[in-house]
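Inside the fold
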Amino acid sequence: MAESDGDLLERIRAGDQRALQALYGRHHVKIFRFALRLVHSEASAEDIVSEVFIDVWRNATNFEGRSEASTWLLAIARNKAYSLLRRKKEDGLDEEMAAAIEDKADNPEVVLQKKSKGELLRACLSGLSREHREVIDLVYYHDKSVEEVALIVGVPEGTVKTRMFHARKKLSQLAQAAGIDRGWP
Amino acid sequence: MTPDPEDEMDEIEALLPWYAAGTLDARDAKRVDEALANRPELGASLALIHEDRDETIALNERLGAPSGAAWARVLATAEAEPRKPSPFARLASLLGLRAEANPTRLAWAAAAAAVVILLQAAAIVALLPDTRGSSYRTASETASPALGANVIVSFAPDARLEEVGAWLKEHDAAIVDGPRGGMYRLRVGDKIPSPDERAALLAELAKTPIVRMILPAD
């Protein structure tokens, strides 16, 4: 039977590099994708992945086992992504604007011509604000519970539910603008 | 107080994404099940959520993966900064526990282990007069150069006093120092062994389950 993440972290605490490699193997792709959706730069997302697992190596004792290891890793990745975004903002680069430029080819109006509902919806998902993308990804792709999203994002559970509700509403509005009437809200 | 029907409906609607993902706890999942049976409009919302979820998964799955350079950086750091396990991690490992699993359990286990070690140390020190005469002396205090193989040993926590005494006698061994950090220094036999003899002796001494660890000390 495969070792649990908790067992791997126990071995990492004892200085076992192979356990670190095993934990990396399990989670690096999802951490990369989560970070990429936040920072919109593959190079930055890759740096975040490295930094997350370097933190794990240095601070494995900080993992208290009250949540899944993946929740802890996503929370670290999120902190690093937002620190990076704050630094870039201070440097005068508006990431949302940069993201909008990068996503131009996939905005709902352009994709409308492709007439694929799936493509349209994916374009709408990319058109959401960072805050809304984040909660949607955590719930739908990373399968995180209300409590886990609250831990990762650092907000109360009630705020998580409200944010998810508004993200869905915004998604429906974007879809409607792209010609898909979903009848909700 | 009876919940406002509108609030209840909104709350159920808000829970649907987690219901679709299967990440609701049993109580909330049951509430959603009951609401779905009575409110057809919730079923339509749930269908949209499944659609959104499928596309979110498809979108993320197309994002690729980091290059090998990401792991190379992690590995370079791990090799440059080898970890020293914390005392708690070492203790947890020693006791066969997961340190993060339950700090209270670890603390109690540590306290219990400390009591066992103290009791064992007190018992083993009581062997000193039998093995070394009527007064305790360290090896450095002896007037003439001490012969025999010097080894450092730690005993299993459940080793009994009589077992240790019998084992010392069997191997013509005497405790000459300790306990220090749970370790004892022993002198075994009455001649300085060759390297091969010392290796064979260590292997022989390590055979018994009452010895947890043994190292050469010459």
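Below you will find a few notes about this structure. (Residues numbered from 1 in each chain as written. Chains lettered and ligands numbered in written order. Predicted model: local features only at pLDDT ≥ 70, side-chain atom pairs only at ≥ 80, totals over all residues. Heavy atoms only, no water.)

Structural notes on the interface of chain B and chain A
- At the interface, 47 residues of chain B touch 56 residues of chain A.
- Linking chain B to chain A there are nine salt bridges.
- Its salt-bridge partner being Glu81 of chain B, residue Arg58 of chain A comes within 2.7 Å of it at the nearest N-O pair.
- Where chain B packs against chain A, one counts 20 residue pairs in polar contact (both at pLDDT 80 or more). (Contact = heavy atoms within 4.5 Å. Salt bridge = Lys/Arg side-chain N within 4 Å of Asp/Glu carboxyl O. Polar contact = N/O pair within 3.5 Å; in protein donor to acceptor, adjacent residues only side chain to side chain.)

Describing the packing of helix H7 (residues 117–126) of chain A against helix H3 (residues 40–61) of chain B
- At a minimum axis separation of 9 Å, H7 of chain A and H3 of chain B run at an interaxial angle of 75°. In this view, H7 of chain A runs roughly perpendicular relative to H3 of chain B, as classed from their interaxial angle. For the pair H7 of chain A and H3 of chain B, contact is made by Lys117, Gly118, Leu121, Arg122, Leu125 and Ser126 of chain A and by Glu51, Asp52, Glu55, Thr56, Ala58 and Leu59 of chain B, respectively.
- Considering only residue class, the contact of H7 of chain A with H3 of chain B consists of four nonpolar, three polar and five charged. (Axes fitted to C-alpha atoms, helices over the stretch in contact; angles between N-to-C directions. Helix = DSSP H or I, 4+ residues; strand = E, 2+ residues; numbered from the N terminus. Parallel < 35°, antiparallel > 145°, perpendicular 65-115°, else oblique. Nonpolar A, V, L, I, M, F, W, Y, C, P; charged D, E, K, R; others polar.)

Some remarks on the pattern of salt bridges
- Enumeration over the complete set of coordinates arrives at 24 salt bridges over all chains.
- Measuring nitrogen to oxygen at the nearest pair gives 2.6 Å for the salt bridge that ties Glu55 of chain B to Arg122 of chain A. Of the two residues, Glu55 of chain B sits in helix H3 while Arg122 of chain A sits in helix H7, which places them in two different chains. You'll find Glu55 of chain B and Arg122 of chain A in the same group, each marked buried.
- One salt-bridge network, held together by shared partners, links Glu3, Arg11, Asp16 and Arg18 of chain A. (Buried < 20%, exposed > 50% of the residue type's maximum accessible area, 1.4 Å probe, protein only.)

What about the packing of aromatic side chains?
- What the rule picks out here adds up to five aromatic pairs over all chains.
- With a centroid separation of 4.9 Å and 45° between ring planes, the pair formed by Tyr24 of chain A and Trp71 of chain B is classed as tilted. Of this pair, Tyr24 of chain A sits in helix H2 (residues 17–39) while Trp71 of chain B sits in helix H4 (residues 68–80), each in a different chain. Accessibility classification places Tyr24 of chain A together with Trp71 of chain B in one group, the buried group. (Phe/Tyr/Trp six-rings, centres within 6.5 Å; stacked < 30°, edge-to-face > 60°.)

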